[in-house]
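Overview (structure and organization)
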Amino acid sequence: MKANKSSQRDKWSSGFGFIMAAAGSAVGLGNLWKFPYMAGTNGGAVFLAAYIFFAAVLGVPILLTELAVGRNGGQNAVDSCRSIAPKWGFAGYFGIAGAFTVLSYYCVVGGWVMKYLASCISDNIPTAEYFAGYTTLTSEPMIWQLLFILVNSVIVLFGISGGIEKVSSVLLPLLIVFLMGIMIYVLGLPGASEGVSFFLLPGRSDLGFGDIIRICVRALGQVFFSLSLGMGTLITYGSYLDKKDDLQKSTVTIVAVDTLIAIICGLTVMPAVFSFGMEPDAGPGLIFSTLPAVFGRMSSGWLISSVFFLLVLFAAVTSAISLFEVIAAFMTEHKGMKRIWAVFIPALCVFALSIPAALSCGESGRCMVMGMAFFDFLVFLSDQIIMPLGGFFLCILAGYKWSREAAEAEISGNGQHRFPAAPIYFGIIRYAAPLLIVIVTVASFIS
Ligand code: TRP
């Protein structure tokens, strides 16, 4: 049974609520966990400059396209793509597949965050070595990631205006305020300025052409991940928008908030690490092994660490719910499922996939796929394959299959909001973006 399109569809209750939900989707583990160590290990200021450049030149137009495609279609990612070109539903399926893939490892990390939060609150700040031991356990991590999945599922069950929007409107502002508080505290620690220079100044002056290319490849990947692009998330969120809303202003706000929070995170994590003489290049383990050790040496470290992990949890939840919603919207509208099943059946599948993902993080050699730990395989699949392909096909769909007049009318809200950048926008969507995505994807496979 196809769902009837005439039935009253949920909507965002306010423009502010939508911005909080969309920015909440963007602001996630990508900002708090990935951005600081990516910047730290990829040339600091050079990475930051490349990141800001790609966010402005590719992030803004692609995000705008996703919202426009979603609002135009007024349905889930697959059917919204189909409403532009009937054969192009597959572009939306990248979103569904991507949501499952990202969620399966996102929930593992979400579970770690919950466990760390619980430990910090009970004044047991984990040591640097704790992380390696914890991830080899078989049952406890599963319980925490199941809890993380349940929390998200319940929020999504309450729908757009009643669940996702309400939760994001509270959590994102709280995250911004507390994060700034922690940043100010950390910047006041002795030795913090060294971390600031590490984050903001290019580490070496002898960067060659190859290094620059490598940095650009990583920066572009990070822009896609951090802005939740190429996976139907913003198509789905855009489909709940009103025709009156200004898509251009929303897009710029979402990108600005996400970028600003990423920079604040860099200015929090790096100075803290340097101030206590720790190594900044622990990579993915940075916030789970290095940072807790830093907190452990601070006076009232339990309080700072509890607040920090609470913020990481907020960020992870507002992102995970956006991914669950991509699937739920598809299941209810395309498959005609009741919302409760459209939420909990996929949640169960995500949990099943997250088990081998979690197990593969502990002992090496456990749950391998194609010579990679299953966790890394999921990251590879989403970051290197699904996300770039999804973004590529979205550009082709919007740039070539959609008439320019129709696309322009949707973006400008039938002329309600001027769209002076239209010529630049179409140039990017048609030529620059697809080309850059191909170049970067090829480059990342070569390197
Ligand atoms: N943007 C989120 C982060 O920074 C992760 C995320 C949520 C995501 N939804 C997505 C990534 C969709 C890609 C696609 O952590």
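Definitions and cut-offs
- Residues numbered from 1 in each chain as written.
- Predicted model: local features only at pLDDT ≥ 70, side-chain atom pairs only at ≥ 80, totals over all residues.
- Heavy atoms only, no water.
- Helix = DSSP H or I, 4+ residues; strand = E, 2+ residues; numbered from the N terminus.
- Buried < 20%, exposed > 50% of the residue type's maximum accessible area, 1.4 Å probe, protein only.
- Polar contact = N/O pair within 3.5 Å; in protein donor to acceptor, adjacent residues only side chain to side chain.
- Contact = heavy atoms within 4.5 Å.
- Phe/Tyr/Trp six-rings, centres within 6.5 Å; stacked < 30°, edge-to-face > 60°.
- Axes fitted to C-alpha atoms, helices over the stretch in contact; angles between N-to-C directions.
- Parallel < 35°, antiparallel > 145°, perpendicular 65-115°, else oblique.
- Left-handed = near helix turned anticlockwise from the far one by under 90°.
- Nonpolar A, V, L, I, M, F, W, Y, C, P; charged D, E, K, R; others polar.
- Near = heavy atom within 4 Å.
- Areas by Shrake-Rupley, 256 points an atom, 1.4 Å probe, with all protein chains shown as cover.
- 1 Å grid on protein atoms, 1.4 Å probe; cavity = no way out; pocket = protein on both sides within 12 Å on 5 of 7 lines; lining within 4 Å.
- Sits in = over half its atoms within 2 Å of the grid points.
- Patch = residues over 30% accessible without salt bridge, like charges linked within 9 Å, V, L, I, M, F, W, Y side chains within 5 Å.
- Salt bridge = Lys/Arg side-chain N within 4 Å of Asp/Glu carboxyl O.
- Core = buried A, V, L, I, M, F, W, Y, C linked by side-chain atoms within 4.5 Å.

Attention now moves to the side chain of S382. Tracing the chain through its elements places S382 in helix α16 (residues 374–401). With relative accessibility at 0%, the residue S382 sits in the buried group. Separated by 3.1 Å, the side chain of S382 and the backbone oxygen of V379 make a polar contact. In this structure the side chain of S382 is engaged in a polar contact, spanning 3.1 Å, whose partner is the side chain of D383. Apart from residues lying up to four places away in sequence, S382 is in contact with T101, V102, Y105, M231, M387 and P388.

All told, the structure shown has 33 aromatic pairs when counted by the stated rule. Both rings, one in F35 and one in F47, keep their centres 5.8 Å apart while their planes meet at 55 degrees; by these two values the pair is tilted. Highlighted residues: F35 in helix α2 (residues 29–41) and F47 in helix α3 (residues 45–73), separated in sequence by 12 residues. A single burial state applies to F35 and to F47, both of which are buried. Look at F90 and F393: their rings are 5.1 Å apart centre to centre, the planes differ by 80 degrees, and that puts the pair in the edge-to-face class. With F90 in helix α5 (residues 89–121) and F393 in helix α16, this pair connects stretches of sequence that are 303 residues apart. An aromatic cluster is defined as three or more aromatic residues linked by ring pairs; in this entry it consists of Y105, W112, Y116, Y130, F131, Y134, F288, F295, F308, F309 and F375.

Right, let's talk about the packing of α3 against α16 for a bit. Packing of α3 against α16 leaves a shortest axis separation of 10 Å and a crossing angle of 65 degrees. By the angle between their axes, α3 is roughly perpendicular relative to α16. Where α3 crosses over α16, the two elements pack in a sense that is left-handed. In this structure, α3 uses I62, T65, E66 and V69 to contact α16, whose residues at the interface are L394, C395 and A398. Taken together, the residues of the contact of α3 with α16 break down into five nonpolar, one polar and one charged.

This paragraph deals with the site of the ligand. With respect to spatial proximity, 16 residues lie near the ligand, and among them A26, G30, Y106, F225 and S228 are the closest. The side chain of Y106 places a nitrogen or oxygen atom 2.6 Å from an oxygen atom of the ligand. In this structure, F225 approaches the ligand through a main-chain N or O atom, which is 2.8 Å from a nitrogen atom. For the ligand, the accessible surface in isolation is 360 Å², of which the surrounding protein chains cover 100%. Under a 2 Å grid-point criterion requiring more than half of the atoms, the pocket assigned to the ligand is the largest cavity. Looking at the shell around the ligand, its residues break down into seven nonpolar, nine polar and no charged.

Nonpolar side chains collect at one region of the surface, where V170, L174, V177 and F178 lie side by side and expose about 340 Å² of accessible area between them. Tracing the sequence through the fold places V177 in helix α8 (residues 160–187). Judged by relative accessible area, which is 56%, V177 ranks as exposed.

Attention now goes to the nonpolar core. Membership of the largest hydrophobic core comes to 163 residues, with the highest contact counts inside it found for W12, F18, L175, F288, L291, F308 and F309. When residues in this core are grouped by element, the largest group, 20 residues, is from helix α14 (residues 301–333). Ignoring anything within four residues of it in the chain, the contact list for F308 reads L32, I182, I287, L291 and F295.

With that settled, the discussion passes to the side chain of T233. As for its placement among the helices and strands, T233 is situated in helix α11 (residues 233–238). Among the residues examined, T233 registers a relative accessible area of 2% and is labelled buried. The contacts of T233, once residues within four sequence positions are left out, are S25, E66, S228, S322, L323 and V326.

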